[in-house]
Amino acid sequence: MSNIGIAGSGNSTADPAYFGACAADNYLSLAADANLDLDRIVELAENSFRASWLTPGRLDGFLREIDDYGAAHRPSGSEIA
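Criteria and thresholds
Sequence positions are assigned chain by chain, starting from 1 and proceeding in written order. Only residues with pLDDT of at least 70 are given local features in this predicted model, and only at 80 or more are side-chain atom pairs given and counted; all residues enter the totals for whole chains, interfaces and linings. Excluded from the side-chain calculation are hydrogens and water; included are all heavy atoms of the structure. In this text, helices come from DSSP runs of H or I with a minimum length of four residues, and strands from runs of E with a minimum of two, each type numbered from the N-terminal end. Contacts are residue-level and defined by heavy atoms, with any inter-residue pair within 4.5 Å sufficient. Axes here mean lines fitted to C-alpha atoms, for a helix over just the part in contact, with angles spanning 0 to 180 degrees between N-to-C directions. An angle below 35 degrees is treated as roughly parallel, one above 145 as roughly antiparallel, one from 65 to 115 as roughly perpendicular, and anything else as oblique. Residues are grouped as follows: Ala, Val, Leu, Ile, Met, Phe, Trp, Tyr, Cys and Pro are nonpolar; Asp, Glu, Lys and Arg are charged; all remaining types, including Gly, are polar.

Asks: Quick one: what's the story with the environment of Leu 30, residue by residue and with numbers?
Replies: As for its position among the elements, Leu 30 is in helix 2 (residues 23-34). Sequence spacing of Leu 30 and Gly 10 is 20 residues, and the spatial spacing of their C-alpha atoms is 8.1 Å. Not counting residues within four places of it along the chain, the set of residues in contact with Leu 30 comprises Asn 35, Leu 36 and Leu 44.

Asks: Help me get a handle on unusual backbone geometry, residues and values and all.
Replies: Phi is positive for Asn 35, close to 55°, though the residue is something other than glycine. Within the secondary structure, Asn 35 sits in the loop between helix 2 and helix 3 (38-50).

Asks: Outline the packing of helix 3 against helix 4 (residues 56-72), listing residues and values.
Replies: Interhelical geometry of helix 3 versus helix 4 gives an angle of 170° and a closest axis separation of 10 Å. Classified by the angle between their axes, helix 3 and helix 4 sit roughly antiparallel to one another. Contacts between helix 3 and helix 4 pair Leu 38, Val 42, Ala 45, Glu 46, Phe 49 and Arg 50 from the former with Leu 59, Phe 62, Leu 63, Ile 66, Asp 67 and Gly 70 from the latter. Here the contact of helix 3 with helix 4 is composed, by residue class, of eight nonpolar, one polar and three charged.

Take a look at the structure:
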């Protein structure tokens, strides 16, 4: 979708305690089911925050955290670790 200008994201409205999954589990499933690499998962996570109502300062903080996570977990080939 990003190649045609659509910012996709990974989101869930499900209650983690009720359905037994959290956002991280959803991203891992999405990566496995759609064969997405770490760079694509990072992009989807960042898009989900960009689509939120966060203030610019808080948004920048979360985007830094996502980038830091991606950098720390990016093995050769950018596979999900």
